Amino acid sequence: GLKAVAPFDADDEASPVPPRGVFELRAAIAEADAILIATPEYNNSIPGVLKNAIDWASRPKADAALKNKPVAVIGSSTGMFGAVWAQAETRKALAGAGARVIDRELPVGSADEQFHPLDGRLVDEDLRIELGGIVHELVTEVQPALQRAV
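Residues numbered from 1 in each chain as written. Predicted model: local features only at pLDDT ≥ 70, side-chain atom pairs only at ≥ 80, totals over all residues. Heavy atoms only, no water.

K.L.:
Explain the overall build of the protein chain to me, please; I cannot follow it from the model alone.
P.N.:
Across its full length, the protein chain holds 5 helices and 4 strands. Each helix and strand of the protein chain, placed in order from N terminus to C terminus, yields the pattern α-β-α-β-α-β-β-α-α. Taken against the 2.2 N^0.38 rule, which gives 15 Å for 150 residues, the C-alpha radius of gyration of the protein chain at 16 Å falls within 12% of a compact globule. By sequence separation, contacts in the protein chain at least 24 residues apart represent 71% of the contacts at least 6 residues apart. Put simply, the protein chain shows about 9000 Å² of open surface, and 56% of that area lies on carbon and sulfur atoms. Averaging the positions of the 15 positive and the 22 negative side-chain charges in the protein chain gives two centres separated by 6 Å. (Helix = DSSP H or I, 4+ residues; strand = E, 2+ residues; numbered from the N terminus. Rg over C-alpha atoms; globule rule 2.2 N^0.38 Å. Contact = heavy atoms within 4.5 Å. Areas by Shrake-Rupley, 256 points an atom, 1.4 Å probe, with all protein chains shown as cover. Lys, Arg positive; Asp, Glu negative; His and termini not counted. Charge placed at Lys NZ, Arg CZ, Asp CG, Glu CD.)

K.L.:
How should helix α3 (residues 84-96) be read in this particular structure?
P.N.:
Structurally, the α-helix is built with 3.6 residues per turn, so residues lying three or four positions apart point the same way. In this model α3 runs 19 Å from its N-terminal to its C-terminal C-alpha over 13 residues, within 8% of the 18 Å that 1.5 Å per residue would give. Taken as a whole, α3 has its buried residues at Ala 86, Gln 87, Thr 90, Arg 91, Ala 93 and Leu 94. Buried residues of α3 fall within an arc of 165 degrees about the axis and therefore sit on the same side. (Expected span 1.5 Å × (residues − 1). Buried < 20%, exposed > 50% of the residue type's maximum accessible area, 1.4 Å probe, protein only. Arc of directions from axis to C-beta.)

K.L.:
I keep staring at the pattern of salt bridges and nothing clicks. Help me out?
P.N.:
Two side chains with opposite charge may pair up if their charged atoms get near one another. The tally for this structure, following the rule as stated, stands at 8 salt bridges. Asp 103 is the partner of Arg 91 in a salt bridge, and the nearest nitrogen-oxygen pair spans 4.0 Å. Of the two residues, Arg 91 is situated in helix α3 and Asp 103 in the loop between β3 (100-101) and β4 (107-108); the sequence distance between them amounts to 12 residues. Overall, Arg 91 belongs to the buried group, its relative accessible area being 13%. The salt bridge involving Glu 141 is made with Arg 100; its shortest N-O contact spans 3.0 Å. Here Glu 141, found in helix α5 (residues 125-149), pairs with Arg 100, found in strand β3; they are 41 residues apart in sequence, far enough to count as distant. (Salt bridge = Lys/Arg side-chain N within 4 Å of Asp/Glu carboxyl O.)

K.L.:
Which parts of the structure should I look at to understand the pairing of strand β2 (residues 70-76)?
P.N.:
Of all 7 residues in β2, 6 are buried, a share of seventy percent or more. Alignment of strand β1 (residues 35-39) against β2, held across 5 bridges, turns out to be parallel. Note that in β2 the partner of Ala 38 across the bridge is Ile 74. Considered for its hand, the β-α-β crossover made up of β1, helix α2 (residues 48-57) and β2 is right-handed. Pairing of β2 with β3 involves 2 bridges; the strand directions are parallel. Paired with Pro 70 across the strands is Arg 100, a residue of β3. (Pairing = 2+ DSSP bridges. Right-handed = clockwise from strand over helix to strand, strands pointing away.)

K.L.:
Explanation requested: the packing of helix α1 (residues 20-31) against α2 in the structure shown.
P.N.:
Helix packing geometry: the angle between the two helix axes and the distance between the axes. Interhelical geometry of α1 versus α2 gives an angle of 75 degrees and a closest axis separation of 10 Å. Classed by the angle they form, the pair α1 and α2 counts as roughly perpendicular. In contact with Val 22, Leu 25, Arg 26 and Ile 29 of α1, α2 contributes Ala 53, Trp 56 and Ala 57. The residue inventory of the contact of α1 with α2, partitioned by class, reads 6 nonpolar, no polar and 1 charged. (Axes fitted to C-alpha atoms, helices over the stretch in contact; angles between N-to-C directions. Parallel < 35°, antiparallel > 145°, perpendicular 65-115°, else oblique. Nonpolar A, V, L, I, M, F, W, Y, C, P; charged D, E, K, R; others polar.)

K.L.:
What am I meant to see in unusual backbone geometry here?
P.N.:
Note: most peptide bonds trans; most residues except glycine with negative phi. Omega for the peptide link from Arg 59 to Pro 60 comes to -15 degrees, which places this bond in the cis form. Take Pro 60: it is sitting in the loop between α2 and β2. Notably, Asn 44 is not glycine yet its phi reads approximately 65 degrees, a positive angle. Along the chain, Asn 44 falls in the loop between β1 and α2. Although it is not a glycine, Asn 68 adopts a positive phi angle of roughly 65 degrees. Within the element layout of this structure, Asn 68 appears in the loop between α2 and β2. When its relative accessible area of 46% is taken as the criterion, Asn 68 is described as partly exposed.

Now the structure itself:
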């Protein structure tokens, strides 16, 4: 759904009614307890639509949707590095947006060979274990906030 998010323009951010895609993005982030971003890598960096979404979710700064939100980033690419650079750039942009970013990565290289063709699950057990650890850490970040809400 990131295609529905209009290109970020600082001139538009003060509008009392953001574009529909931006409103829906911010609402979805605000409603989430935490966020797991799985990104590909394009030209050794973050996909433009993902960066655009982070930019919108970082504004307005005082009550940004990403402010203090726990986030983990994983990625894959058909190359052997598994989107390492895209993950690093995404974590950097998220930290700048005020998110609480987990400092771990899951590089899935040769992605065209790493997922089961019928059910889409990771075929490499070590990658599945690492993914489970990242998700566990993300859940651990959320639990104190959930306990305070009860």
